[in-house]
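Secondary and tertiary structure notes
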Amino acid sequence: MTNDSDRTVAVSVDWDAQAATFDAEPDHGLGAPEVRAAWAERLRAWLPVRPADVLDLGCGTGSLSLLAAEQGHRVTGVDSSPAMVERARAKLAGRDAVFLLGDAAVPPVGEQLFDTVLVRHVLWTLPDPARVLRHWRGLLRPGGRFVLVEGVWGAVAPVGIPADRLTGLLAPLAVDVRVERLSAAAVLWGKEVDDERYAVVATV
């Protein structure tokens, strides 16, 4: 579904320049109370019940990191944009969270292990998603989980990663893989959408 030229467009975006206005999108900044509440409810269902170590890859300005921290989790965020990381640090100042500048595909976390790898709309932009998922699998503790929010966007020249492809990539890495369809949940996006949007929760 996604070819090299699609990924080139995605990674060629100047995310530092985008950082100042990134949160203006309803599903980025989660500024509207109903959008924020909808994402908080989903995360509560996807993340562990007890306080856990969550690795938020491609964390952007930290909106999902903030929700996870508010639910009692310890968050490590990674993003390749210094401006995004700066905003995430400001957004979560005083909370149990740390934000690192680095590549989401190979996050600079050393030997640290996590209970959850949380990724939203990032995997499809990375070369060789199968290899990336294998690397992320090595960052999870036994019994840990992936929470991957992805989709396919655009009618004329669609980009993204379909749910069936992602579940196939996860099959050899996880003991349980569950897909939750999100396209019909307009409140998550701040508008009606007609493309494929979903979350995969996979326990290893």
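Right above here is the structure, for reference.
Residues numbered from 1 in each chain as written. Predicted model: local features only at pLDDT ≥ 70, side-chain atom pairs only at ≥ 80, totals over all residues. Heavy atoms only, no water.

Thoughts on the overall build of the protein chain
- Broken down by element type, the protein chain carries nine helices and eight strands.
- Residue burial in the protein chain is summarised as follows: out of 204 residues, 51% are buried.
- In the protein chain, once contacts between residues fewer than 6 apart in sequence are set aside, the share between residues at least 24 apart is 66%.
- Accessible area of the protein chain: about 9,400 Å², with a carbon and sulfur share of 53%. (Helix = DSSP H or I, 4+ residues; strand = E, 2+ residues; numbered from the N terminus. Buried < 20%, exposed > 50% of the residue type's maximum accessible area, 1.4 Å probe, protein only. Contact = heavy atoms within 4.5 Å. Areas by Shrake-Rupley, 256 points an atom, 1.4 Å probe, with all protein chains shown as cover.)

Topic: the environment of V177
- Tracing the backbone shows V177 in strand β7 (residues 176-181).
- A relative accessible area of 31% places V177 in the partly exposed class.
- Along the sequence, V177 and A202 sit 25 residues apart, while their C-alpha atoms lie 4.2 Å from each other.
- Discounting chain neighbours no more than four positions away, the residues touching V177 are T167, L170, V200, V201 and A202.

A few points about the nonpolar core
- Core analysis: the largest hydrophobic core is formed by 32 residues, its most contacted members being L133, W136, F146 and L166.
- It is strand β5 (residues 140-153) that provides the largest number of residues to this core, a total of four residues.
- Ignoring any residue separated from it by four or fewer positions in sequence, one finds L166 in contact with L123, L133, L148, E150, I161, Y198 and V200.
- Within the second largest apolar cluster, 29 residues are counted, among which are W46, A68, A88 and L92. (Core = buried A, V, L, I, M, F, W, Y, C linked by side-chain atoms within 4.5 Å.)

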